[in-house]
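For reference, the chains in residue letters:
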Amino acid sequence: MKLSSFDYALPENLIAQHPLPLRDQSRMMVVRRRERSWEHRSFADLPGILEPRHLLVMNNTRVFPARLWARRIGREERIELLLLSEKSPGEWSVLARPARKAAPGDRLDVSGLRAEVTGAAEDGSRTIVFEPRADLMGEIERVGRIPLPPYIRRPAGLDLPEDRVRYQTVFAQHTGSVAAPTAGLHFTPEVFRRLDAAKVGRCEILLHVGYGTFKPVRCEEIAAHRMDAEYFEVGARAGAQIRECKVRGGALVAVGTTTTRVLEHLGRQGWTGEPCSGYADLFIYPGFPFTMLDGLLTNFHLPRSTLLMLVCAFAGREFMLECYGEAVRQGYRFFSYGDCMLIL
């Protein structure tokens, strides 16, 4: 299947630059796969749309301020660092821009923290080692910036106070993601209260969202693309809830593409609900045989992205592109701070 098969036209003014004042006031397109139909609702309507047979599965990862500014010691310059993953205490894999200013052996001042570049990988990433600090992660939290996607524009690349709060789900717990699981951004305590009243179950799992999730697909034949592995955990309680839902013939609704990748990764492993952790690198595109998912809550994704390919795999490429065309015509807000789609 060709990369160009996942293109669509999107006016720039539909790319959401800021969150709405209230999380649950996002618009929601409710899509019925079998009927090939859609209707326009509000996210606040979710508790009245789902039923007790549904189980929402949510990703409780927490985004950390992974964007830092650095300079080579003794020079006046500006190097942007994006922390990707901690390889060992104080040792991080990072993206540097411009990369030529972060060569192995260079010593860096990173917003007052000292670090040394110790390696360069074939993919262009760098390895840096910070000087020992009593609370290095606390210092990174203090000086780092929220790693907003490049299509969200901020003055001088800085995040606004609203981004510290709103580019994070209200149920985020475990620090480790460089991007938010954006389908979860719409939930509020009030929506949870109403879901409980409607007897719609929910559980939380973990997947730390890495840069690889958003890495552009460079090959025209999409099957040649490879996803980076991302760390996940499923605890005993969530595992039992998911297993019970499947046994009784209930319907699993993944909140986001990150949750989808964990569930379908486990489905391919013959998982039976026990607590587990590991790394998932599943690439889901049309033709993928879903074994776990019955529904998907998701935002609107970039053209040619692996996220759009996953949604097309679940609902059908042609139909999903029809839905996207309708969303454009109706003026939906797109991408991370945008509106959402519930596919049933």
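Above: the structure in question.
For clarity, every value in this text was computed on a predicted model and none was experimentally measured.

K.L.:
Describe the packing of aromatic side chains, with residues and values.
P.N.:
Applying the stated criterion across every chain, the model contains 19 aromatic pairs. Relative to Tyr324, the ring of Tyr8 has its centre 5.1 Å away and its plane inclined at 70 degrees; by these criteria the two rings are edge-to-face. Within this pair, whereas Tyr8 is found in the segment before strand 1 (27-32), its partner Tyr324 is found in helix 8 (residues 317-329), the two being separated by 316 residues in sequence. We note that Tyr8, like Tyr324, is buried. The rings of Tyr8, Tyr151, Phe300, Tyr324, Tyr332, Phe334 and Phe335 are connected pair by pair, giving a single aromatic cluster.

K.L.:
So what about the environment of Thr169? Which residues, and what values?
P.N.:
With respect to the element layout, Thr169 can be found in the loop between helix 3 (161-166) and strand 11 (174-177). Accessibility expressed as a relative area gives 7% for Thr169, which makes it buried. With 16 residues separating them in the primary sequence, Thr169 and Leu185 have C-alpha atoms 4.8 Å apart. In contact with Thr169, other than residues within four places in its own chain, are Arg23, Thr61, Pro181, Gly184 and Leu185. From its side chain, Thr169 meets the backbone nitrogen of Ala172 in a polar contact 3.0 Å long.

K.L.:
Could you give me a rundown of unusual backbone geometry, with the residues and numbers involved?
P.N.:
In this structure, the amide linkage connecting Arg97 to the following residue, Pro98, adopts the cis form with an omega of 0 degrees. Despite not being glycine, Lys199 has its phi angle at roughly 60 degrees, a positive value. With respect to the helices and strands, the residue Lys199 is situated in the loop between helix 4 (189-197) and strand 12 (201-207). For Arg304, which is not a glycine, the phi torsion comes out positive at approximately 65 degrees. The residue Arg304 is located in the loop between strand 16 (295-299) and helix 7 (306-315) in this model.

K.L.:
Can you break down helix 2 (residues 136-143) residue by residue, with the values?
P.N.:
All of the buried residues along helix 2 are Leu136, Glu139, Ile140 and Val143. Angularly, the buried residues of helix 2 cover 100 degrees about the axis, an arc narrow enough to put them on a single face. Against strand 5 (67-72), strand 6 (79-88), strand 7 (91-97), strand 9 (113-120) and strand 10 (126-130) lie the buried residues of helix 2.

K.L.:
Lay out the sheet that holds strand 14 (residues 251-255) in plain terms, naming residues and giving numbers.
P.N.:
With mixed pairing, 9 strands are arranged side by side in an open sheet as 2-1-17-16-14-3-12-13-15. With one partner strand each, in any of the chains shown, strand 2 (37-42) and strand 15 (276-280) form the two edges of the open sheet. Sheet twist, expressed as the mean angle between neighbouring strand axes with direction ignored, is 25 degrees.

K.L.:
Describe in detail the pairing of strand 8 (residues 107-110), supporting the description with residues and values.
P.N.:
Residues in a regular strand point their side chains to alternate faces of the sheet. Here strand 5 runs beside strand 8; their pairing, made up of 3 bridges, is antiparallel. Considered in strand 8, the bridge of Arg71 is made with Asp109. Note that strand 8 and strand 9 share 4 bridges and pair antiparallel. Bridging across to strand 9, Asp109 finds its partner in Arg114. Adjacent in sequence and paired antiparallel, strand 8 and strand 9 are bridged by 2 residues, among which Ser111 carries a positive phi angle near 50 degrees.

K.L.:
Can you lay out the side chain of Arg23 for me, pointing to particular residues and giving the numbers?
P.N.:
For Arg23, the location among the structural elements is in the segment before strand 1. Among buried charged residues, Arg23 stands out as having no salt bridge; its nearest opposite-charge side chain is Asp24, 8.8 Å away. There is a polar contact of 3.0 Å between the side chain of Arg23 and the backbone oxygen of Val165. Those residues in contact with Arg23, other than ones at most four positions away along the chain, are Val165, Arg166, Gln168, Thr169, Val170, Leu185, His186, Phe187 and Thr188.

K.L.:
Which residues make up helix 8, and what values do they have?
P.N.:
Spanning 13 residues, helix 8 covers 18 Å between terminal C-alpha atoms, matching the ideal 18 Å at 1.5 Å per step. If you check which residues of helix 8 are buried, you get Phe319, Met320, Leu321, Cys323, Tyr324, Glu326 and Ala327. The inward-facing, buried residues of helix 8 abut strand 1, strand 2, strand 16, helix 7 and strand 17 (340-343). Directly after helix 8, the chain includes Gly331, whose backbone phi takes a positive value near 75 degrees.

Rules and cut-offs
Residues numbered from 1 in each chain as written. Predicted model: local features only at pLDDT ≥ 70, side-chain atom pairs only at ≥ 80, totals over all residues. Heavy atoms only, no water. Phe/Tyr/Trp six-rings, centres within 6.5 Å; stacked < 30°, edge-to-face > 60°. Helix = DSSP H or I, 4+ residues; strand = E, 2+ residues; numbered from the N terminus. Buried < 20%, exposed > 50% of the residue type's maximum accessible area, 1.4 Å probe, protein only. Contact = heavy atoms within 4.5 Å. Polar contact = N/O pair within 3.5 Å; in protein donor to acceptor, adjacent residues only side chain to side chain. Arc of directions from axis to C-beta. Pairing = 2+ DSSP bridges. Axes fitted to C-alpha atoms, helices over the stretch in contact; angles between N-to-C directions. Lys, Arg positive; Asp, Glu negative; His and termini not counted. Salt bridge = Lys/Arg side-chain N within 4 Å of Asp/Glu carboxyl O. Expected span 1.5 Å × (residues − 1).

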